[in-house]
Number of protein chains: 2
Amino acid sequence: MNDMGFPIPSKKERITDPTVGRLVAYRRLLMRLVDDGVPVVSSKEIGEMLRLKSSQVRKDLSYLGEFGKRGVGYDVSRLLEDLAGILAPFEVWRIGLVGIGRLGEALLNHRSFLSENYEVTAVFDSNPDKVGRSYAGKLCYHIDDLPRVIAEKDISVLILTVPQQAAQAVLDAAAGTGKIEGALNFSAAVLQAPPGVQVKDVDIFIELEKLLFKLKASEQKKKQSF
Amino acid sequence: MNDMGFPIPSKKERITDPTVGRLVAYRRLLMRLVDDGVPVVSSKEIGEMLRLKSSQVRKDLSYLGEFGKRGVGYDVSRLLEDLAGILAPFEVWRIGLVGIGRLGEALLNHRSFLSENYEVTAVFDSNPDKVGRSYAGKLCYHIDDLPRVIAEKDISVLILTVPQQAAQAVLDAAAGTGKIEGALNFSAAVLQAPPGVQVKDVDIFIELEKLLFKLKASEQKKKQSF
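Residues numbered from 1 in each chain as written. Chains lettered and ligands numbered in written order. Predicted model: local features only at pLDDT ≥ 70, side-chain atom pairs only at ≥ 80, totals over all residues. Heavy atoms only, no water.

- In the annotation of an unreviewed UniProt entry, chain A is listed under the name Redox-sensing transcriptional repressor Rex and assigned to Pyramidobacter porci.
- The Sequence similarities (unreviewed entry) comment attached to chain A in UniProt states, word for word, "Belongs to the transcriptional regulatory Rex family."
- Chain A has a UniProt comment under Function (unreviewed entry) that states "Modulates transcription in response to changes in cellular NADH/NAD(+) redox state." (UniProt positions renumbered as here; feature names shortened; annotations may be inferred.)

See the structure below:
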C-alpha cells in the first residue's frame with residue numbers, strides 16, 4: 001500500500017487547508033525550479049515568488065523536517081521530493097467526475113488537471129446523447145450506472161459538477177456503495193455528507209464575493225481617511 | 001455613492017475570508033427561506049442546514065448586531081436585509097472577464113453568476129474569431145482594447161480565465177489604466193499584484209489536493225488505530 005506517498009508526520013495530520021494549499025504551491029514552484037536547473041533556493045526567494053512572508057515559508061518547511069542552510073538555502077531536489085512524498089497518496093486516487101456541462105468539460109480539459117496523485121477513471125452524465133461518448137479520453141457512463149461503475153473501477157473520490165438540485169441524490173447513490181471517501185462539490189448545493197464521506201465545497205462565486213467584500217472594505221477605509 | 005450597501009461595521013472591516021464566505025452562505029439560505037415563506041429561523045436550524053455549529057452562527061450574526069430571540073430565533077426578512085446590506089457594494093461592481101475558453105464560458109453561463117452586486121460589463125479574448133461575438137449576452141472585445149474598454153466602461157474588477165503565461169501581462173495592461181481595484185485569478189500563474197490592486201487566486205486544483213490530503217490523513221489515522 002505504501003509505495004507512493006510518505007506517511008504524514010504525526011503532528012501534521014491535522015494540518016489546515018491553507019497550509020496544504022501552500023505546500024501544493026511550493027511543490028509547483030519547486031518543479032519549475034528543477035526544470036530550470038536551479039539547485040538551491042532560499043525562503044526569501046520562495047516567499048517573493050509566491051507572495052508569502054519568508055518566515056511563513058520557513059515555518060511550513062520546518063514542519064516537514066526541512067531546514068535550509070543559513071546563507072545558502074534549501075536543496076531544491078530534496079525539498080521537492082519531501083513535499084511530493086507528503087502530498088502523494090498511499091495509492092493513486094481514482095476519481096469519478098459527474099456532470100459533463102461546461103464546467104465539467106473545462107476541468108477535464110485543463111492542463112493542470114494532470115497529476116501523479118490522481119486520475120479521472122470515469123465520467124457520468126444523465127444526458128443519453130453524452131453517454132458512450134468520450135470526454136478528454138474518458139468514457140461517459142449514464143448516471144444510473146454510478147454505483148456499478150464505482151464498484152467495478154474502485155473509484156473513491158467524486159467531483160460533482162452537476163446542477164444544484166441533483167447533487168445530493170448523486171452523492172447519496174454513490175456513497176451507498178461504501179466506496180466513496182470524499183467529494184469535491186462544485187454545485188451551489190449545501191450537501192449533507194453521508195457517514196464516512198468528506199465533502200469539500202468549491203464555490204467560485206463565493207470566492208468572487210470574498211474579493212468584492214475586501215474591495216468594499218478598502219474603499220470604505222479610503223473614504224474615512226479623508 | 002451610498003445607495004446600495006450599508007457601511008461595514010468598523011470592527012468587521014478586517015473580517016476574514018472564511019467569515020465572508022459564511023455570510024454569503026447565510027444570505028443564500030435566507031433568500032431561500034424568504035421564498036419558502038419561512039418567517040423565523042434559529043441558529044440551530046441555520047447551522048444544521050449549512051453544516052455549521054450553532055455557536056458559530058450566533059457569533060457571526062451577533063457581529064452584525066443581530067441577536068435572535070431566545071426560544072424564537074431570528075426574523076428572516078430583517079436578517080436577510082442586514083446581511084445583504086453588509087455584502088452589497090457602494091456601487092454595482094463592473095467586471096471584465098478576460099479569456100473565453102471553456103472555463104470562462106462556464107462562469108458566464110452559470111446561473112449563480114447573477115447578482116445585484118456586480119455585472120459582467122465586457123468580455124475579452126485574443127482570438128479574432130471570438131472578437132465581436134456575444135457570450136452570455138456580453139460583447140467580446142480584443143484583448144488589445146482592454147485598457148480603452150476598461151476606461152470607457154468604468155470596469156474596476158477583472159476575472160482572469162486566461163492561460164497561465166498570459167495572466168501577468170493582462171493584469172499589468174489593465175492595471176495601467178489606474179481603474180482596476182481587484183482581480184480574481186483562475187489561472188495557475190502566481191501574479192505580482194500591481195500597486196492598489198488586490199489579487200485573489202482561485203485554484204480549483206489546489207482545492208482538490210486539499211481534499212485528497214485530508215483523505216490521506218484519515219486513511220493513515222484509520223491504519224494506526226488497528
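Structure shown, so let's carry the discussion forward.
## Quick notes on the side chain of Lys216 of chain B
Thought 1: Relative to the assigned elements, Lys216 of chain B resides in helix 8 (residues 204–224).
Thought 2: Buried charge without a salt bridge: Lys216 of chain B, with Glu219 of chain B as the nearest opposite-charge side chain at an N-O distance of 8.6 Å.
Thought 3: In this structure Lys216 of chain B touches Gly5, Phe6, Ile8, Gly85, Ile86, Leu87, Ala88, Pro89, Phe90 and Trp93 of chain A, once residues within four positions along its chain are discounted. (Helix = DSSP H or I, 4+ residues; strand = E, 2+ residues; numbered from the N terminus. Buried < 20%, exposed > 50% of the residue type's maximum accessible area, 1.4 Å probe, protein only. Lys, Arg positive; Asp, Glu negative; His and termini not counted. Salt bridge = Lys/Arg side-chain N within 4 Å of Asp/Glu carboxyl O. Contact = heavy atoms within 4.5 Å.)

## Digging into the UniProt feature "binding site: NAD(+)" (unreviewed entry) in chain A
Residue and element names in this part refer to chain A.
Thought 1: The residues that UniProt annotates with the feature "binding site: NAD(+)" (unreviewed entry) are Gly99, Ile100, Gly101, Arg102, Leu103 and Gly104.
Thought 2: The residue Arg102 is located in helix 5 (residues 102–109) in this model.
Thought 3: Judged by relative accessible area, which is 44%, Arg102 ranks as partly exposed.
Thought 4: For Gly104, the position within the fold is in helix 5.

## Let's talk about the relation of the copies chain B and chain A
Thought 1: Mapping chain B onto chain A leaves a residual RMSD of 0.0 Å; the transformation is a rotation of 180 degrees accompanied by 0.0 Å of translation along its axis. Such a turn and shift between the copies fits a two-fold axis.
Thought 2: With an isologous cut-off of 70% or more, the 100% of interface residues of chain B that recur at the interface of chain A puts this contact in the isologous class. (Least-squares fit on C-alpha atoms with pLDDT ≥ 70 in both.)

## Structural notes on the UniProt feature "domain: CoA-binding" (unreviewed entry) in chain A
Thought 1: Following the UniProt record, one finds the feature "domain: CoA-binding" (unreviewed entry) at residues 89–190 of chain A.
Thought 2: What you have in residues 89–190 of chain A is 27% helix and 28% strand, and the ends, taken at the C-alpha atoms, are 27 Å apart.

## Let's talk about the interface of chain B and chain A
Thought 1: Each partner contributes to the interface: chain B provides 79 residues, whereas chain A provides 79 residues.
Thought 2: Carbon and sulfur atoms make up 63% of the surface buried where chain B meets chain A, a total of about 7300 Å² over both sides.
Thought 3: Counting the surface chain B buries against chain A, the share from its top three residues, Arg51, Phe205 and Phe213 of chain B, is 11%.
Thought 4: Applying the counting rule to chain B against chain A returns 8 salt bridges.
Thought 5: Where Asp203 of chain A meets Arg28 of chain B, a salt bridge forms, and the shortest distance between an N and an O atom there is 2.8 Å.
Thought 6: One can count 18 residue pairs in polar contact (both at pLDDT 80 or more) joining chain B with chain A.
Thought 7: Here the side of chain B that touches chain A takes 20 residues from helix 8 of chain B, the largest share from any one element. (Buried area = accessible area lost by both parts, 1.4 Å probe. Polar contact = N/O pair within 3.5 Å; in protein donor to acceptor, adjacent residues only side chain to side chain.)

## With respect to the nonpolar core
Thought 1: Formed by 50 residues in total, the largest nonpolar core has its most connected members in Ile159 of chain A together with Ile159 of chain B.
Thought 2: Those residues in contact with Ile159 of chain A, other than ones at most four positions away along the chain, are Ile95, Gly96, Leu97, Val98, Leu107, Phe113, Leu184 and Phe186 of chain A together with Leu208 of chain B. (Core = buried A, V, L, I, M, F, W, Y, C linked by side-chain atoms within 4.5 Å.)

## A word on the sheet that holds strand 6 (residues 138–142) of chain B
Residues and elements named next belong to chain B.
Thought 1: Pairing is mixed in the open sheet, where 7 strands are placed in the order 5-6-4-3-7-8-9. Every interior strand has two partners, whereas the edge strands, strand 5 (134–135) and strand 9 (198–201), have only one.
Thought 2: Of the pairings in the sheet, the one linking strand 3 (residues 93–98) to strand 4 (residues 118–125) comprises 6 bridges and is parallel in character. The residue bridging Val98 from the neighbouring strand is Phe124, located in strand 4.
Thought 3: The strands touched by helix 5 (residues 102–109) are strand 3, strand 4, strand 5 and strand 7 (157–160); relative to strand 3, the strand with the most contacts, the crossing angle is about 150 degrees.
Thought 4: Relative to the sheet, helix 6 (residues 146–153) contacts strand 3, strand 4, strand 6 and strand 7, its axis offset from that of strand 4 by approximately 160 degrees. (Pairing = 2+ DSSP bridges. Axes fitted to C-alpha atoms, helices over the stretch in contact; angles between N-to-C directions.)

## With respect to helix 1 (residues 17–35) of chain A
Thought 1: Given a rise of 1.5 Å per residue, 19 residues ought to cover 27 Å, and the 27 Å separating the end C-alpha atoms of helix 1 of chain A matches this to within 8%.
Thought 2: The set of residues buried in helix 1 of chain A consists of Asp17, Thr19, Val20, Gly21, Arg22, Leu23, Val24, Tyr26, Arg27, Leu29, Leu30 and Leu33 of chain A.
Thought 3: Buried residues in helix 1 of chain A make contact with strand 1 (40–41), helix 2 (43–50), helix 3 (54–63), helix 4 (76–87) and strand 9 (198–201) of chain A together with helix 8 of chain B.
Thought 4: Immediately beyond the C-terminal end of helix 1 of chain A, within one or two residues, lies Gly37 of chain A, with a positive phi of roughly 75 degrees. (Expected span 1.5 Å × (residues − 1).)

## Thoughts on the sheet that holds strand 3 (residues 93–98) of chain A
Strands belonging to one sheet form pairs held by backbone hydrogen bonds; the direction of such a pair is parallel or antiparallel.
Residue and element names in this part refer to chain A.
Thought 1: Pairing is mixed across the open sheet formed by 7 strands, whose spatial order is 5-6-4-3-7-8-9. Edge positions in the open sheet fall to strand 5 (134–135) and strand 9, since each of these has one partner strand only.
Thought 2: In the packing of helix 7 (residues 164–175) onto the sheet, the strands contacted are strand 3, strand 7 (157–160), strand 8 (182–185) and strand 9, and the crossing angle to strand 7 comes to about 165 degrees.

## Thoughts on the pattern of salt bridges
Thought 1: Per the stated rule, a full pass over the model turns up 24 salt bridges over all chains.
Thought 2: Between Asp145 of chain A and Arg148 of chain A there is a salt bridge, and its shortest N-O distance comes to 3.7 Å.
Thought 3: According to the relative accessible area criterion, Asp145 of chain A is partly exposed, its value standing at 28%.
Thought 4: Among the residues examined, Arg148 of chain A registers a relative accessible area of 41% and is labelled partly exposed.
Thought 5: When the shortest N-O distance is used, the salt bridge between Asp60 of chain B and Arg22 of chain B registers 2.6 Å. With a gap of 38 residues between them, Asp60 of chain B in helix 3 (residues 54–63) and Arg22 of chain B in helix 1 (residues 17–35) connect regions that are remote in the sequence. The same class applies to Asp60 of chain B as to Arg22 of chain B, namely buried.
Thought 6: Salt bridges linked by common partners bring Asp17 and Lys200 of chain A together with Glu207 and Lys210 of chain B together as one network.

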